[in-house]
Amino acid sequence: MSTDHTAIFRRKLADAIGRLSEAPSWIYVINADAPDGVSLRCRLGMESHDYEAMLVGAGLATIDYYDDDQTLLSYSRNGWETFVAGHNFSFMLHPDMPERPELNKNQFDMSNKLNGTPRDPKKRRWWHTIRIGRKGKGASSARHILEQVDDRRRLDTNPPPLAGLSQIQRVFTGSMAKLVVESVKLDGNELLWDRYTKQMDDTNKKRTRTTTYIKAPRKSSGSEDRLRSPQKKKNRPGEQTQAQSDHATAKEGAAKEADQVLFGLKEAAAQAGLDVSAEVVVEEIPLENIDESADESADGSGVNYSDQFPILCKVAKALDCNIDEDFIDDLLVELVKLRKRGTKLQYKCNKSHRTISYVHVPVNTTDKSFHQQKQWLEDALEINGSKNDQHEEAYRRAAEFLAKKEEAAVIKGLQKVGLPVVEAMSATKMVAMCRDVDLPVGKEEVVFRHLRDHFGKKAFDGKRAMRMLGDDYVPVKAKHAMHSYVEGEKEEKIHFSYKDIKLAVTRAITERLRALSGQHGWEKLKKIKRTDIMNGGDHGGGAFQAGCNICVSFEDDDVPSQIFDLCLAEVVCRKDNAEILGKTIIPIFEEALKEITEKNLTVGLNKDGEIECVIGNGEAEGLTDKVCVTKIIYIIGDLAYYAMILGRENSSGHWCYICKLSAKEYAHLYKEGDPMTYEFMNECAKDYKDSKGKDCKYGVKARAWFQFIPLENILCPLLHLLIGIGNDILDNFKDVVNRDVEKLDPREVTTRQKFVQCELAISRDVARREEFDASVPGKELSRLKGVIY
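For every chain, the first residue of the written sequence is number 1, and numbering continues from 1 along that sequence. This being a predicted model, a pLDDT of at least 70 is required before a residue's local features are given, and a value of 80 or more before pairs of side-chain atoms are given or counted; all residues contribute to the totals for chains, interfaces and linings. Values reported for side chains reflect all heavy atoms of the structure, with hydrogen atoms and water molecules removed beforehand.

Asker: Explain the overall build of the chain to me, please; I cannot follow it from the model alone.
Answerer: A run of DSSP states H or I qualifies as a helix once it reaches four residues; a run of E qualifies as a strand once it reaches two. Both are numbered from the N-terminal end. When its secondary structure is counted, the chain shows 28 helices and 19 strands. The buried share among the 789 residues of the chain stands at 33%. Across the chain, contacts joining residues at least 24 apart in sequence account for 60% of those joining residues at least 6 apart. Carbon and sulfur atoms make up 52% of the accessible area of the chain, which totals about 49300 Å². Categorising residues by exposure relies on relative accessible area from a 1.4 Å probe, with only protein chains included: less than 20% of the type maximum marks a residue as buried, more than 50% marks it as exposed, and the intermediate range marks it as partly exposed. For this analysis, residues touch if any pair of their heavy atoms sits within 4.5 Å. Residue-level accessible areas treat just the shown protein chains as cover; the underlying method is Shrake-Rupley with a 1.4 Å probe.

Listed below in structure tokens is the structure:
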């Protein structure tokens, strides 16, 4: 058997097995004489003589004399193992493809296992099996074919169904039929020919007639014309077109070729003493169905090979071959083998004068196999950086990509080769290190700035994380609350963490004062003018963070004021609102800030003579030489947080936040309204609650938070106010320039003013829409969006 035929047989058989593998896993018998229900031959839809000839042609079986009158077909175990593990099944390496076939063999009496007949030791023989298909639901769980049985404990003869099985069998047997005859006839294997004709005779006796259908090609075979598209041409009435002429020629040539093949078959059958009855039927294509403007190749793929691939057409003409996928694959394999150097394949494009490179990437499953075949990676990076000799830059870019794509894998690789890898130092470890060396507060930031510069920014947690997790020895507590973002939907866990606010404030002040004691002394430090504690919060980065800014000022001008921030709590949430904050950190803040407000803030010397700050009069801590510090507590935040504090979440700008004037009334700056009070706001909140959300006065919907803090200490966001004032100043300046400098036409000025009015109207509509979205009907509408009934 020629090498060319062997490769073609194996490729086509592997393709057919791959298609059969889409069904659930099943074990089939390879032997040709196996019963239909369990045989691979039956699954492929082949006759015995074609199946055996195919196995011999593929190098998966051999023919030898059994005695003077019979021949013996022996199955090649090594051939099957090489075939299954070889490149023909490389397409099954894809994760979406089924598993590769599995081979096995068992010795048993087929009649006993299949029909339940008594066991006969003389009938025991080896049966070669192959497992094909996807493992999983509906697949056979048998380890070998003897375990693949039905309810009666007999071999199961009902393989799993497969959609399009008959089509797969028809295509496969059709492509194999001519190939088998050609290989058996031309390769000169007399044993195979004798066995083939004898089995074909046995099959013929069961049939009365064999009919061969040959479809005439659109273009004549064996000539270059079949690779060209028909030329468009106008014809006189009654004159045949070029396509019609080609069709007639093709029909005549196909009939002659079929007659020659049939004559050879009959002659071979006559020599073997067989009586074969066959005829050739040429299926005609109506002339009116021929489209002379069609641009098809010989294989019907629609590619104009003659124009796009002239060299390929010359090769095909010289070899007298059709240009199909098999021909292109075989040609490509040889070209790659010819030009491949190691893992690289390069060629020069004559049109662009550029060198095109390809690299063969192997599939590796172990470190050992990767290191043995790592040359492909070096070649790829060398090609990538070949321009201007930028090989080092190519390696750097690849390393950056891998670090971003799979950071954990890159770290493991660096550790395995012994390169130093700096692991990120947590905030807890950072604080512990500072405390062990008694590093003064303020100096630690300088130290970590130098460390980050040397080890990298990601080697240490940020300043905020350090303070959040361990600043001033204050532990962090974590809890969660249940909340539903949309009314009626399932509640989610809202995780939040917080510090002991009283402890965090007093210890932070203690640390700052102790840091100053070495330079200024206690006598100056105890003369504290006042302490301002400004609490606030904002949402960003997927969490609401709350903290405070503390300013400690002294009567002595030589002592600098101490201004520092504390991060006190964090709520992990998609968006912040009064309901979420009310369930998480607000009760904690209210309790702590109320105690700080109502009790004294005392600073003195403890039993060890060190400065210490406490909430209360300091008697329990045993403070001496103590002073009571004047303190003022403020609440500040952005407009959204400011409205939540006052119980006016999602309110519009129609009412003033400070007094009882409406927008129309406070537009006149000379008018002064009655100030808002907690009592009045509580009454409005009660009315809103009693009316079930229908009676909303002055935008108040709930009781205000932190009512122990004076209302004037709940500050409007200064940044937002300055932005508004700045915008007003800029708008007025533009008006003066337009009127007095540019001297614009009054109609243009009027148009611009209307544009501004439109923007204001839009902003008011947006505010009303947001207010509706926050209401119960709005939430219901939001929940119903996208729901299909």
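Moving on from the coordinates now.
Asker: I would appreciate a short explanation of the environment of Glu555 in the present structure.
Answerer: Following the sequence through the fold, Glu555 ends up in the loop between β14 (543-554) and β15 (562-572). Dropping the residues within four chain positions of it, Glu555 is found in contact with Lys527 and Lys529.

Asker: In this structure, what is going on with unusual backbone geometry? I would like to understand it.
Answerer: For residues besides glycine, phi is generally negative; the peptide bonds are generally trans as well. We note that Arg153 has phi near 65°; this positive angle belongs to a residue other than glycine. Mapped onto the elements of the fold, Arg153 is located in the loop between β5 (125-132) and α6 (165-186). For Arg153, a relative accessible area of 65% puts it in the exposed group. Backbone geometry at Tyr698 places phi at a positive 55°, although glycine is not the residue there. Inspection of the secondary structure assignment puts Tyr698 in the loop between α25 (678-690) and α26 (718-741).

Asker: Looking at this model, I keep getting lost on the pattern of salt bridges. Mind explaining?
Answerer: Where side chains of opposite charge bring their charged atoms close, a pairing between them can arise. Between Lys or Arg on one side and Asp or Glu on the other, a salt bridge is scored when a side-chain nitrogen of the former is within 4 Å of a carboxyl oxygen of the latter. Here the structure, examined in full by the defined rule, presents 24 salt bridges. Across the pair Asp36 and Arg41 runs a salt bridge, and its minimum N-O distance is 2.8 Å. Put simply, Arg152 and Asp150 hold a salt bridge, and the shortest N to O gap is 3.9 Å. Relative accessible area serves as the criterion here: at 56%, Arg152 is assigned to the exposed category. Given the relative accessible area of 22%, Asp150 is considered partly exposed. Here the residues in one salt-bridge network are Glu393, Arg396 and Glu400, joined through shared partners.

Asker: I tried to follow the sheet that holds β14 on my own but got confused; where do I start?
Answerer: Pairing between sheet strands relies on hydrogen bonds along the backbone, with the strands arranged either parallel or antiparallel. One bridge is not enough; two strands pair if DSSP finds at least two bridges between them. Strand order in the open sheet formed by six strands is β11-β12-β15-β14-β13-β19, with mixed pairing between adjacent strands. The open sheet has two free edges, formed respectively by β11 (476-483) and β19 (631-635), since each of these has just one partner strand. Across the sheet, the axes of successive neighbouring strands diverge by a mean angle of 20°, strand direction being ignored. The sheet contact formed by β14 and β15 spans 10 bridges and is antiparallel. Among the inter-strand pairings, Val552 is bridged to a residue of β15, identified as Gln562. Lines fitted to the C-alpha atoms define the axes, with helices restricted to the stretch that makes contact. Angles between their N-to-C directions range from 0 to 180 degrees.

Asker: Before we go on, may I ask you to explain the sheet that holds strand β16 (residues 601-605) in this structure?
Answerer: The sheet built from three strands is open, its strands ordered β17-β16-β18 with antiparallel pairing. Only two strands of the sheet have a single partner each, and these edge strands are β17 (611-615) and β18 (624-629). When the angles between neighbouring strand axes are averaged without regard to direction, this sheet yields 25°. By the bridge criterion, five bridges tie β16 to β17 in an arrangement that is antiparallel. Each residue of the ladder has a partner; that of Thr602, found in β17, is Val614. Strands in contact with helix α19 (residues 501-520) are β16 and β17; relative to β17, the strand with the most contacts, it is inclined by about 160°.

Coordinates in, geometry out; function isn't part of it.
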